[in-house]
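Residue-level listing of the chains:
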Amino acid sequence: MKTYKGDITITETNFEEWKEKLKGIKKITGYLSINSQANLKAPLLKSVGGNLYIDFQANLKAPLLKSVGGYFYINSQANFPLLKSVGGNLYIDFQAN
């Protein structure tokens, strides 16, 4: 399983760089924070080991995401149909599915 070891903070100024770095990644061991107007596609991502934070018009397209090890905070448009487990608190804004 292709894994990124560490934490990731994605913003509108660096999301193009991260889009390339995360190609083919299935697991992130640390937290993943996506904010500002970043739009990230991670089609193979299945697991985030730490917290997952998506805020302020950011978007994460990770249709295979199944688990988040820490808290999961969504205050943006998001859809995770296969999500099965969240290790911490869960906050979902009205726009998320």
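Quick caveat: nothing in here was measured; it's all calculated off a predicted structure.

Visitor: I would appreciate a short explanation of the nonpolar core in the present structure.
Guide: Where a protein is soluble and globular, its nonpolar side chains tend to be buried together. Ile10, Leu32, Leu45, Leu60, Leu65 and Phe80 are the most contacted members of the largest nonpolar core, which totals 25 residues. Those elements that place two or more of their residues in this core are β2 (8-10), α1 (15-21), β4 (32-34), β7 (52-55) and β10 (72-75). Once residues within four sequence positions are removed from consideration, Ile10 is found in contact with Phe15, Trp18, Leu22, Leu32, Ser33, Ile34, Asn35, Ala38 and Leu40.

Visitor: Honestly, the sheet that holds strand β1 (residues 3-4) in this entry has me stumped. Any pointers?
Guide: The strands that make up a sheet pair up through hydrogen bonds in the backbone, lying either parallel or antiparallel. Ordered in space as β1-β3-β6-β9-β11, the five strands form an open sheet in which the pairing is parallel. Only two strands of the sheet have a single partner each, and these edge strands are β1 and β11 (85-86). Pairing analysis gives two bridges linking strand β3 (residues 27-28) to strand β6 (residues 47-48), with the strands arranged parallel. Bridge pairing in β6 places Ile28 opposite Val48.

Visitor: Would you explain the sheet that holds β2 in this entry?
Guide: Overall, parallel pairing links the five strands, which are arranged β2-β4-β7-β10-β12 in an open sheet. A single partner strand is all that each edge strand has here, and the edge strands are β2 and β12 (90-92). Looking at each pair of strands side by side, their axes are set apart by 5° on average, direction ignored. Sheet topology note: the β10/β12 ladder contains three bridges and is parallel. Across the sheet, residue Tyr73 finds its bridge partner in β12, namely Tyr91.

Rules behind the numbers
- Residues numbered from 1 in each chain as written.
- Predicted model: local features only at pLDDT ≥ 70, side-chain atom pairs only at ≥ 80, totals over all residues.
- Heavy atoms only, no water.
- Core = buried A, V, L, I, M, F, W, Y, C linked by side-chain atoms within 4.5 Å.
- Buried < 20%, exposed > 50% of the residue type's maximum accessible area, 1.4 Å probe, protein only.
- Helix = DSSP H or I, 4+ residues; strand = E, 2+ residues; numbered from the N terminus.
- Contact = heavy atoms within 4.5 Å.
- Pairing = 2+ DSSP bridges.
- Axes fitted to C-alpha atoms, helices over the stretch in contact; angles between N-to-C directions.

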